[in-house]
Amino acid sequence: MSLNHSFLLQLWEQSRQQLYAQLGQRQPSAVFLEGSIAEGFGNERSDIDFVAIIDDGTEMATMPYILFLENRRVEVRLLSRERLQRELLQVKEALNAGIESVAQISWNQLERCQRFIGCLPIENEAYIKSLQDLLGKEALGRAVALWFEDFARQTGRYAVAMLALEQDDYARAWIKTSVFHAAKSFVARRGERYLGSKWLSLQLDRAQVDKKLVQRFWDFYTEKSQDSSAIDYLHKGIALLEEFSVSGVELNFEKVLADSRAGVSTWQIGRHLHILRDEDIFRLDDGSARVWRRIIWNTPCIQIAHDKRSTQATTDAKNHLADFSRAGLISLCWGGEGEIRARQLGTSCPLLTGKAALISVDGARLSASSPAGIQLLPVPARRLAEAGVELTWANIGVENSREDSEGALRSGQLRVLQYTLQRMIQTASMVALAGYGITPQPPLEEAVLEALRLLPLNPSLVEAIQRIETESIHSREQGQELFNLAEQSVRELRQLGGDEQFPASFDTASGWCETVMYGYDWINLATHLNARFPASAVGGRGSAEEARDLLASNIG
Amino acid sequence: MQILVTGASGLVGAEAIARLLKAGHTIVALVHSVGNIVTNDGTLLPSRPYTGGRGNPGELLTVKGDLQQDGLGLDAELYKQLQSSVDRVLHSAALTSFGRPEERYEAINVVGTQRMIDFAMKKPGACIPFIYISTMYVCGERPGIFSETAFDRGQSFGSPYEASKFRAESLIRKAQDNGLPTVIVRPAIIVGDSVDGTMRKFDTIYAVYRITTAGLVRTIPGDYGATLDIVPIDWVADGVVAALENFSQAQGRTLHLCSDQPLALREINDVCALFPSFSVPRFVPGHVFHSYDMKGLEKRYYDEVINLYESYFRRQTVFVRDSTRDIFAKAPPAQGKELLHKVFSYAVKVGYFRRTTHEI
């Protein structure tokens, strides 16, 4: 969808006037439009994202200013020339150093560079062009392709690791992610550099990728788990990876090694084994403990798990190893190539409490079973703060996906809708997990699986979630039905901990705004405790500043 | 130089020989049973039998002898030829394993050393400069600072091995007073190499931790503040070679090959805890321990192995190597917890440390 230039100029002029306090004393060196509309995607619900380059020696926060003009949401960011230049050159340097270095670039930085290179100039095109030339479209395309290639390889290996440990559903989820990103890498080599995931279907069309390959890709992507065994599914996935030019993933379980993680140590107290992970401590039951004692670092997982007593005992041991890995007690490596960089955070923890969630948007919940007016919480303060921030994040994620879904539904972008509905359910699962103090959060790929594994969900909700996760959308009516189902499921997931867990409504602007304000309260506590902030969809550690910016961009 | 090395098939002897050969020296290795001389990483050092006279630069010659016999068990003519052709003696032979009969330590470590002193002193014309490998643990059980000049402080000893090494060093010092040019080298507890913990001979600390990490003995009388001083074999061998090559500067002195980061027992426990399969030993005060009632296998392992080393878990001696730095300035490339982690990792990798029970 494109908007005409004079309309954009008019919108920019209105924005400038509204932002007199920020721009009255500052003349931007250049102004551009970035994001989905500039890239030729987008729909009538898409935001209009303006960026003004400021070259006066100051470093601006990346916080956007949100305006509502002509029935559209308009975001305006100020960006210093110095920062833009630095980030573009860093990408160029990484590109020269090779794929390992490119993989180290944060998603946020690569995305900022991409959005700039793919922008639509509004004012001072020559100035913009001279900055864009520091990296250039072609080099950016290579960097994006390499970034996705590495991500696809790592997640593909993680899928193999999960299969080695007989975690079939996790293996499926990860190979899906892997192939999806291999496709992103593939189209990036063909000029489709936009990083956002939801437009992949349109990118595959625009890049004129072989129709049969695209069809096979979507068939694979939407295949239901009952249609084939996990091992067959991985075979298909790995074949697709190769077609999308991603090598280095093979179904060789001997390659999957268990290795140590910093900060993890083993302490026996009396007869019971306790594992220390930084400041968290886990108690193992006897079955887990026996497997834990068998671990020798840098050894294939299947070798550690092998139990000559029975295949069931071996399967049990594999389950324990998978749990250790998810809890961040061991790292999974790919023989000779170090840690598999897919799910590096030790995320999932056992439930803290029985049935009730511990944390809500407005703080910790009192235990109903205790009469005490003052209650010591069963989690360390930092963990509570991290979970609270993540709960807020996940709620924002749900709202963003909901908006995206509405836009896609109206525009009849069914593939996009399918993606955004899944995102809605995944982020709502994260909300529920955070409510139970499960932090760091699992990656999106595992959000639903982890919610199913760890939370007390009723069967109808489980069924609805699974439908949204796997159903291909072929018509607008079906899309509307799934959208309604997703809305219902999100409500249920948010209410898991009880009605009083969340503000009355996320549907009204004031209810939403209140939630976001509570988010700032969480940030204050988390900053005080030097807590870890979530950074982006692809993991990593964010900062308090970025957290504030993210919240600011969601007050509407 | 032609150098006579005793204990050539031992850890320090073989590693020193490899370095000295590389530097172009000729080595005559006095070996108890003519066998292969293998460095710590398993490399076989090619050799030929010593038949008298001087060998070629970089050549390793072996001669079968015995410190427990007069004339080193050599044919009298060969003894003489060896004596007249050797420029230095490196005496590293010793019985280092624990738990052997006392008379064996006396025969090998003490009387054997006297025989080597005689060999060096009775060379017609001039004494043969002599390097003696002692041990840091001649310090005995007395706590406090133990410097290069310290020796007889009225200390008690934790084992017949230590006592024998103390007596042997006394003999060296006496010979020194009588004109034998000597350098005494005292290494701390020698463990695997500084690169990845490689070790071909598991003994001492390895034997103890093999049992405790497997959970076979969980409780040991000891003090969390007690320290063990471990040093990597490659660095020890470098130090011995430095003593040989700077003999004139080092002559008359004692060199300490100890670490800058002695390990407190609680730090050793920290390292143990990094291995999922390891039990971390409890250290309890001695008076509490005696009331602890061990049974069956645990008691057997305790009595037969741990007990031999028990005094090490109480010691708080601080070793210094200040004046050693003039001769050998290099610090151990890995030490403290980092070194111990490598040492344990290697022992796990080659299967020396293993759980012998599925009990947690």
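Described below are features of the structure shown in this document. Note that the structure is predicted; figures quoted are calculated from it, not measured. (Residues numbered from 1 in each chain as written. Chains lettered and ligands numbered in written order. Predicted model: local features only at pLDDT ≥ 70, side-chain atom pairs only at ≥ 80, totals over all residues. Heavy atoms only, no water.)

## Here's the deal with the overall build of chain B
The test is simple: For helices the rule is a DSSP run of H or I covering at least 4 residues; for strands it is a run of E covering at least 2, with both sets numbered from the N terminus onward. The reference for a compact globule is 2.2 Å times residues^0.38; the radius of gyration itself is calculated from the C-alpha atoms. A simple rule labels every residue: compare its accessible area, found with a 1.4 Å probe on the protein chains alone, to the largest value its type can have, and call it buried under 20%, exposed over 50%, or partly exposed in between. We call two residues contacting when some pair of their heavy atoms lies within 4.5 Å. Each accessible area value is a Shrake-Rupley result obtained with a 1.4 Å probe; residue values ignore everything except the protein chains displayed when judging cover. In this charge count, Lys and Arg are treated as positive and Asp and Glu as negative; neither His nor the chain ends contribute. Every charge is mapped to an atom, namely NZ of Lys, CZ of Arg, CG of Asp or CD of Glu.
Within chain B, the regular secondary structure consists of 11 helices and 18 strands. The C-alpha radius of gyration of chain B comes to 21 Å, within 12% of the 21 Å expected for a compact globule of 360 residues. Principal-axis analysis of the C-alpha atoms places the extent of chain B at approximately 65 × 40 × 40 Å. Counting only residues that meet the buried cut, chain B has 59% of its 360 residues in that class. Of the contacts made within chain B by residues no fewer than 6 positions apart, 79% connect residues no fewer than 24 positions apart. Total accessible area computed for chain B in this model is approximately 14,200 Å², and 51% of it derives from carbon and sulfur atoms. Here chain B contributes 39 positive and 38 negative side-chain charges, whose respective centroids are spaced 1 Å apart.

## Topic: the packing of aromatic side chains
Going by this rule: Side-chain rings of Phe, Tyr and Trp, where Trp is taken by its six-membered ring, are said to pair if the distance between their centres is within 6.5 Å; with planes under 30 degrees apart they count as stacked, over 60 as edge-to-face, and otherwise as tilted. For a lysine, the NZ atom is tested; for an arginine, the CZ atom; a charge sits over a ring if that atom is within 6 Å of the ring centre and within 35 degrees of the ring normal.
A complete count under the given rule lists 42 aromatic pairs over all chains for this structure. Between A:Phe220 and A:Tyr233, the ring centres sit 4.3 Å apart and the planes meet at 10 degrees, which makes this aromatic pair stacked. Remark: A:Tyr233 occurs in helix 11 (residues 230–243) and A:Phe220 occurs in helix 10 (residues 211–222); sequence separation between them is 13 residues. Take A:Phe220 and A:Tyr233: they sit in the same class, and that class is buried. Site record: aromatic cluster; members linked through ring pairs are B:Phe202, B:Tyr206, B:Tyr209, B:Phe275, B:Phe278, B:Phe344, B:Tyr346, B:Tyr352 and B:Phe353. One residue, B:Arg173, lies across the ring of B:Phe151, its end atom 4.4 Å from the ring centre. Directly above the ring of B:Tyr312 sits B:Arg315, whose terminal nitrogen or CZ lies 4.4 Å from the centroid.

## Examining the nonpolar core
Rules: Note on terminology: a nonpolar core comprises buried Ala, Val, Leu, Ile, Met, Phe, Trp, Tyr and Cys residues joined through side-chain atoms within 4.5 Å.
Judged by nonpolar contacts, the single largest core of 166 residues is most densely connected at A:Phe217, A:Trp292, A:Leu321, B:Tyr209 and B:Phe344. Not counting the four nearest positions on each side in its chain, A:Leu321 is found in contact with A:Leu165, A:Val291, A:Ile295, A:Cys301, A:Ile304, A:Ala305 and A:Ile330. Among the nonpolar cores identified, the runner-up in size contains 37 residues, and A:Ala394, A:Met424, A:Ile425 and A:Val431 belong to it.

## As for the pairing of strand 6 (residues 60–64) of chain B
Residues and elements named next belong to chain B. Cut-off, in case you're wondering: Here, any two strands with at least 2 DSSP bridges between them count as paired.
Among the five residues of strand 6, four are classified as buried, and the element is accordingly described as predominantly covered. For strand 2 (residues 26–31) and strand 6, the ladder comprises five bridges, and the chain directions are parallel. Looking at the pairing, Val 28 lines up with Leu 61 of strand 6.

## Topic: the packing of helix 7 (residues 137–164) of chain A against helix 8 (residues 168–188) of chain A
Residue and element names in this part refer to chain A. For the record, the criterion: Note on definitions: angles span 0 to 180 degrees between N-to-C directions of axes, and those axes are lines fitted to C-alpha atoms, for helices only across the stretch in contact. Under this scheme an angle from 65 to 115 degrees is roughly perpendicular, one under 35 degrees roughly parallel, and one over 145 degrees roughly antiparallel; angles in between are oblique. Crossings are assigned a handedness: left-handed for a near helix turned anticlockwise from the far helix by less than a right angle, right-handed for a clockwise turn. Gly falls in the polar group here, along with every residue not listed as nonpolar (Ala, Val, Leu, Ile, Met, Phe, Trp, Tyr, Cys, Pro) or charged (Asp, Glu, Lys, Arg).
Viewed as axis vectors pointing N to C, helix 7 and helix 8 meet at an angle of 165 degrees, and their least axial separation amounts to 7 Å. Relative to helix 8, helix 7 is oriented roughly antiparallel. Relative to helix 8, the crossing made by helix 7 is left-handed. When grouped by side-chain class, the residues that make up the contact of helix 7 with helix 8 number 15 nonpolar, seven polar and three charged.

## Section: the sheet that holds strand 6 of chain B
Residues and elements named next belong to chain B. In spatial order, the strands read 5-6-2-1-7-8-10-15; together these eight strands make up an open sheet with parallel pairing. Either end of the sheet is taken by a strand with one partner, and the two such strands are strand 5 (48–49) and strand 15 (254–257). For strand 10 (residues 182–187) and strand 15, the ladder comprises four bridges, and the chain directions are parallel. For Val 185, the partnering residue across the bridge sits in strand 15 and is Leu 255.

## Observations concerning the layout of surface pockets
Residue and element names in this part refer to chain B. How we decide: Here a cavity denotes grid points, spaced 1 Å and computed from the protein atoms alone, that fit a 1.4 Å probe unable to get out, and a pocket denotes an open set having protein on both sides within 12 Å along at least 5 of 7 lines; residues with an atom within 4 Å of a point are the lining. Grid points are joined across faces, edges and corners, and a volume is the space filled by probe spheres set on the points.
Taken as a whole, the second largest pocket encloses approximately 1,200 Å³ of empty space. Among the elements of the structure, helix 1 (11–22), strand 2, helix 3 (102–121), helix 4 (160–177), strand 11 (189–191) and helix 5 (205–213) are those that each provide at least two residues to the lining of the second largest pocket. A per-element tally of the lining of the second largest pocket places helix 5 first, with four residues. Of the residues that constitute the lining of the second largest pocket, the class distribution is 27 nonpolar, 14 polar and five charged.

## Observations regarding the environment of B:Ser170
Tracing the backbone shows B:Ser170 in helix 4. With 19 residues separating them along the chain, B:Ser170 and B:Phe151 place their C-alpha atoms 8.8 Å apart.

## So, the sheet that holds strand 11 (residues 331–334) of chain A
All names here are of chain A. Strand order in the open sheet made by the three strands is 10-6-11, with antiparallel pairing throughout. The open sheet has two edge strands, strand 10 (299–300) and strand 11, and neither has a second partner. In the sheet, strand 6 (residues 256–259) pairs with strand 11 via four bridges, with the strands oriented antiparallel. Residue pairing for strand 11: Ala 258 is matched across the bridge by Leu 332. This element, helix 7, spans strand 6 and strand 11 of the sheet and lies at about 115 degrees to strand 11.

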